[in-house]
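The primary structure of each chain is shown beneath.
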Amino acid sequence: MADPAQACFDEAHETYDAAIANCPSQESVDAQAAAITTQLEADILVIEQTLAIEVAKSEQIRDNNIANDSGDQRAVKIDAAELAMLLNGIDIQSARRRKRFRKTD
């Protein structure tokens, strides 16, 4: 009859050998790390470009010299359409406005 301790040892050794065989090599780990690093660098570049575009838009909005009725530029009241035009880079002072009629109940 086989020794139970030896059988347990043999089974553990086989399990260890199987785990080592399935372990990725250092080269594959390095390749994965390089691929992740490349993707992160590309993502950071896209974020930086998007941020630069948004900064340029905000500077353009700031430079539009929008003033309220009293000439004060610190607090200006604009509606949603004007805000959308500003965010899309349209100069609202040169935009042509048309009268809109609303249907009343």
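So, how was this worked out
Residues numbered from 1 in each chain as written. Predicted model: local features only at pLDDT ≥ 70, side-chain atom pairs only at ≥ 80, totals over all residues. Heavy atoms only, no water. Helix = DSSP H or I, 4+ residues; strand = E, 2+ residues; numbered from the N terminus. Buried < 20%, exposed > 50% of the residue type's maximum accessible area, 1.4 Å probe, protein only. Areas by Shrake-Rupley, 256 points an atom, 1.4 Å probe, with all protein chains shown as cover. Patch = residues over 30% accessible without salt bridge, like charges linked within 9 Å, V, L, I, M, F, W, Y side chains within 5 Å. Salt bridge = Lys/Arg side-chain N within 4 Å of Asp/Glu carboxyl O. Lys, Arg positive; Asp, Glu negative; His and termini not counted. Charge placed at Lys NZ, Arg CZ, Asp CG, Glu CD. pLDDT = per-residue confidence, 0-100.

Draft legend 1. Looking closely at the overall build of the protein. Assigned secondary structure in the protein consists of three helices and zero strands. Along the protein, from the amino end to the carboxyl end, the secondary structure elements read α-α-α. Every one of the 105 residues in the protein was classed for burial, and the buried ones make up 5%. For the protein, the exposed area adds up to about 9600 Å²; of that, 57% sits on carbon and sulfur atoms.

Draft legend 2. Layout of a negative patch on the surface. A contiguous patch of negative charge on the surface is contributed by Asp10, Glu11, Glu14 and Asp17. With respect to the element layout, Glu11 can be found in helix H1 (residues 4-22).

Draft legend 3. Summary view of the confidence of the model for the protein. A residue-level look at the protein finds 82% of positions with pLDDT of 70 or above and a mean pLDDT of 77. Predicted confidence in the protein is weakest over H1, with a mean pLDDT of 76, and strongest over helix H2 (residues 26-62), with 86.

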